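# Commentary on secondary and tertiary structure
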Amino acid sequence: MGRVRVLPSDVVALISAGEVIDNPASIVKELVENSLDAGATHIDISISNGGIDQIVVADNGCGILKEDLPICIERHSTSKIATRSDIDAIATYGFRGEALASIAAVANLIITTRAREEQTGSRLVSRPGGEVSVSEASRPPGTTVDVTELFALFPARRKHLAEPKTEAQRIVDVVIAHAVVRNDIGFRLSRDRTTIIECPAGQSPVDRVVSLWGSDIARSLVEIDGERSGVRVKGFAVRPNITRGNRSRMLFSVLRRPICDERMSSAVEAAYENLLMRGRHPLCCIDVTVDKRSVDPNVHPTKKEIRLQDIDLVTQLIYESVNRAITKETPYEPAGTLEDFLHQSDETPSHYPHHRPAPGPARRTPTWPLVEKTVLETPPPSPDEATMNIPNLGGLFRIIGQMNNVYLLLEFEDGLVIVDQHAAHERVMYERLRRQVNEGKAYSQELLEPIVLRLDPRDVEDVLLLTDQLDIVGFSISSFGGNEILVSSVPAVLGRQVSEKEIVSLVDDILSTGTDHAREHFMDEIVKVTACHSAIRAGQPLSIGEVRALLEDMAKTPDRYNCPHGRPTLIKVTQEELDMRFKRLL
């Protein structure tokens, strides 16, 4: 007897199901795409226990005819293609006829539907390995698919599912990926009877992004629109002042089909080159419109990957369109003459260290005379004002001034010391806050006006899970309903006048640290992020009194020569090095 055999149909079905259905999010993806292909204008998704226990997707689409209902859960049964030529120009999300059959192979399945041309509805009930039954049911036109007990008969598969929270977040990502590009469709997602996404049909593109990502991100949106040789890229990108620690908010679609594409992601990141810090990623949602005959979605059963005939043209157009949009800004007009520059108005912050820089381009106006102005117009500052003797920083030195509102210049007897004002103050604030946390005495400051942040559903859940750790540092954060959180108190080092924009940026940085580390390490990361946001900023002008206060604090701080992230806080250039650079010494 030969060793090669044709596999039984039930084994084949399980193998196919393993390719299409690997977690609850893949079920939601397939069902949402079925609803879109059915012409639905509203899709309602409900999940329980991260979708492991139950997933219900209901729509108001065209529905399924009663005679088609038993056939639709058979492998490779579909209404979307009929001939080989149809595959060359696929215009629907689904076409393989595998989704419902794969779901039926690994979970209990109930489909309640009514076609628009029928007077009564129908219900199909299916269990893995069991008989399929069809009966009459009452329902308005459309379809409801109820999936329960995923992988209940396959314990090895069920064991390898993630925690319900993680599985729920994956479902949120799937819904957002479709909803952001289909603003003509209404979406609602409920988790354990709590609505976390609600987007009405017919929203403008900007309003849809506000619904999904929050108004704080929406304020930094720039429109992407480029076209060349029959290819068009359109959507939004977010200015580089808002970033993420991963690519989770880089969303791409082709002909409104959400996809994952490494080359498109790389094209967007290249457009942001030199605008983002290492390890930070931009946010965008971009749809590519091409001739459907140049797209091959039949690459993988999940249809997350596609092949594009003109991928080089597409990626180049994405790069150029994004780069053009994010670099478009109002040019800065400097003063016309040196005298005008030296006499520009200056507003010195009233106290230290809770001041914040003014919005707009970094200011270069000094808060005391420039060296050039001192030499030409006024005598040098008095010794009491411009000299300090701090042994821990090397002894006696003279404060020369502030360069570009970023670096402090100090003249020592044997050379020049350059201090990074942000890195130095960040180390001071980190050691101060770290000591308070260790002693259980982190001081909290109640905000004069609590701040309400509207975030995307995934971030809301992550923030609320961190409330205990954040409370130790001095934050008071609570749910404000829906996708909003209330920030009523912050660490005292941030001050009472902290802005909404700063809180959003701080929360984003905290979320980007991740919670996979040991608790002590994660707490230390929260302290680092808080210290960074409470520190004097690069581009912030300081008075000579504020410079003196910073240097005195720095001298009392352990590990003063590096910021908490490892960057140097100061560098020294000796007289000898300068002489050699100017060829005074050979």
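Data block above holds the structure.
Counting restarts for each chain: residues are numbered from 1 in the order of the written sequence. Given that the model is predicted, a residue must reach a pLDDT of at least 70 before its local features are reported, and side-chain atom pairs must reach 80 or more before they are shown or counted; all residues, however, enter totals for whole chains, interfaces and linings. Side-chain numbers here rest on the full set of heavy atoms in the structure, without hydrogens or water.

### Here we look at the packing of aromatic side chains
Selection rule: Two aromatic rings from Phe, Tyr or Trp, using only the six-membered ring of Trp, form a pair when their centres are within 6.5 Å; if the ring planes differ by under 30 degrees the pair is stacked, by over 60 it is edge-to-face, and anything between is tilted. Placement of a positive charge over a ring is assigned whenever Lys NZ or Arg CZ falls within 6 Å of the ring centre and within 35 degrees of the normal to the ring plane.
Tallied over the full model, the rule gives one aromatic pair. Between Lys572 and the ring centre of Phe412, over which it is positioned, the NZ or CZ distance is 5.6 Å.

### Here we look at unusual backbone geometry
Outside of glycine, negative phi angles account for most residues, and trans bonds account for most peptide bonds. Rules: Counting from the N terminus, the helices are the DSSP runs of H or I reaching at least four residues and the strands are the DSSP runs of E reaching at least two. The buried label goes to any residue with under 20% of its type's maximum accessible area, the exposed label to any with over 50%, and the partly exposed label to all in between, with areas taken from a 1.4 Å probe on protein chains only.
Positive phi values are uncommon outside glycine, yet Phe151 reaches one of about 60 degrees. Positive phi outside glycine occurs at Leu255, with the angle close to 50 degrees. For Leu255, the location among the structural elements is in the loop between strand 11 (250-254) and strand 12 (257-259). Taking the relative accessible area as the measure of exposure, Leu255 reaches 32% and is therefore partly exposed.

### A few points about the pairing of strand 18 (residues 407-412)
Stated formally: The pairing criterion for strands is at least two bridges between them, as found by DSSP.
Pairing of strand 18 with strand 19 (residues 415-420) involves six bridges; the strand directions are antiparallel. Note that in strand 19 the partner of Leu410 across the bridge is Val417. Taken together, strand 18 and the strand that follows it, strand 19, pair antiparallel across an intervening segment of two residues.

### Topic: the sheet that holds strand 21 (residues 476-479)
The cut-off we apply is this: Under this scheme, a helix contributes an axis fitted over its contacting stretch, all axes are lines through C-alpha atoms, and angles between N-to-C directions fall in the 0 to 180 degree range. Two residues qualify as a contact provided that any one of their heavy atoms is within 4.5 Å of a heavy atom in the partner residue.
Spatial ordering of the open sheet is given by 20-22-21, a layout of three strands whose pairing is antiparallel. Of all the strands in the sheet, just strand 20 (444-454) and strand 21 have a single pairing partner and so form its edges. Taking each pair of neighbouring strands and ignoring which way they run, the sheet shows an average axis angle of 15 degrees. Of the pairings in the sheet, the one linking strand 21 to strand 22 (residues 484-491) comprises four bridges and is antiparallel in character. Directly across from Ser479, in strand 22, lies its bridge partner Ile485. The strands touched by helix 15 (residues 457-465) within the sheet are strand 21 and strand 22, with strand 22 carrying the most contacts at an inclination of about 40 degrees.

### Points about helix 14 (residues 421-438)
Note the following rule: Expected span of a helix, by definition, is 1.5 Å for each gap between consecutive residues, and there is one gap fewer than residues.
Over its 18 residues, helix 14 runs 26 Å from end to end, which matches the ideal 26 Å to within 8%, given 1.5 Å per residue. Of all 18 residues making up helix 14, 15 are buried, and the element is well covered by its neighbours. Looking one or two places after helix 14, you find Gly440, whose phi comes out positive at around 70 degrees.

### Thoughts on the pairing of strand 2 (residues 54-59)
Extensive coverage of strand 2 is indicated by the burial of five of its six residues. Note: strand 1 (residues 42-48) against strand 2, six bridges, orientation antiparallel. By the bridge assignment, Ile47 is partnered in strand 2 with Ile55. Between the end of strand 1 and the start of strand 2, which pair antiparallel, lie five residues, with Asn49 showing a positive phi angle near 55 degrees. As judged from the six bridges shared by strand 2 and strand 6 (residues 142-148), these two strands associate in the antiparallel manner. From the neighbouring strand, Asp59 faces strand 6, where its bridge partner is Thr143.

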